[in-house]
Amino acid sequence: MGNLLELTLGLGAAVLLLCLGWVLFGKLLAPVGEPGAPLMILIKGEGDGSGLEHTVSSLLWLRRKELAACPICLVDAGLNEEGRQVAEHLCRRWPFLEICKPGELPVQME
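Everything numeric here is computed off the predicted structure, so don't read it as measured data.

The rules behind each value
- Residues numbered from 1 in each chain as written.
- Predicted model: local features only at pLDDT ≥ 70, side-chain atom pairs only at ≥ 80, totals over all residues.
- Heavy atoms only, no water.
- Pairing = 2+ DSSP bridges.
- Helix = DSSP H or I, 4+ residues; strand = E, 2+ residues; numbered from the N terminus.
- Right-handed = clockwise from strand over helix to strand, strands pointing away.
- Salt bridge = Lys/Arg side-chain N within 4 Å of Asp/Glu carboxyl O.
- Buried < 20%, exposed > 50% of the residue type's maximum accessible area, 1.4 Å probe, protein only.
- Core = buried A, V, L, I, M, F, W, Y, C linked by side-chain atoms within 4.5 Å.
- Axes fitted to C-alpha atoms, helices over the stretch in contact; angles between N-to-C directions.
- Parallel < 35°, antiparallel > 145°, perpendicular 65-115°, else oblique.
- Left-handed = near helix turned anticlockwise from the far one by under 90°.
- Contact = heavy atoms within 4.5 Å.
- Nonpolar A, V, L, I, M, F, W, Y, C, P; charged D, E, K, R; others polar.

> Before we go on, may I ask you to explain the pairing of strand β1 (residues 41-47) in this structure?
Within a regular beta strand, the side chains point alternately toward one face of the sheet and then the other, so they alternate between its two faces. Across six bridges, β1 lies against strand β2 (residues 72-79) in parallel orientation. By the bridge assignment, I43 is partnered in β2 with L74. Where the polypeptide runs from β1 across helix α2 (residues 52-64) and back to β2, its parallel neighbour, the crossover connection is right-handed.

Below you can see the structure in the form of structure tokens.
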């Protein structure tokens, strides 16, 4: 009985340390931004915008986990009509998103 208790406690402690390490590692490596911080996420949209929704949903996961609080901007770098509709749909769905042209940005995109 004593060996089973020791094994259970040892396994529980190992899992607890693994979870703590995972959280700390994530906090260290995640792109953290606070409101008002000089950090902005730019998503380059081209063509039909096929990858926009997946990219935005990934970034929203970071926001929900409070790993990134910076603004997100969809950059129209050659979206066609279908791509613009996708971008506009995303902006209606999540009002904190915005669409801008590359010339409206304070930095140049390559």
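Text resumes after the structure shown.
> Explanation requested: the pattern of salt bridges in the structure shown.
Side chains that carry opposite charge are capable of pairing whenever their charged atoms lie near each other. Under the definition given, this model contains five salt bridges. Of the charged contacts, one joins K44 and E46 as a salt bridge, the two residues approaching to 3.9 Å between their closest N and O atoms. Exposure remark for E46: the relative accessible area of 48% places this residue in the partly exposed category. As a salt-bridge pair, R84 and D76 come within 3.7 Å of each other at their nearest N and O atoms. R84 sits in the partly exposed class, given a relative accessible area of 31%.

> What is the right way to read the nonpolar core from this model?
It is characteristic of soluble globular proteins that their nonpolar side chains tend to be buried jointly. Counting residues in each nonpolar core, the largest one holds 18 residues, and the members touching the most others are I43, L52, V56, L74, L90 and L97. Secondary-structure elements contributing two or more residues to this core are β1, α2, β2 and α3 (81-93). If you tally residues by element for this core, the top one is α2, at five residues.

> Explanation requested: the packing of α2 against α3 in the structure shown.
To describe two helices that pack against each other, one gives the angle between their axes and the distance between the axes. Between α2 and α3, the shortest axis-to-axis distance is 10 Å and the interhelical angle comes to 25°. Between α2 and α3, the angle is such that the two are roughly parallel. Like other packed secondary-structure pairs, α2 and α3 cross with a definite hand, here right-handed. Across from L52, E53 and V56 in α2, the residues of α3 making contact are G83, V86, A87, L90 and R93. Residue composition of the contact of α2 with α3, grouped by class: five nonpolar, one polar and two charged.

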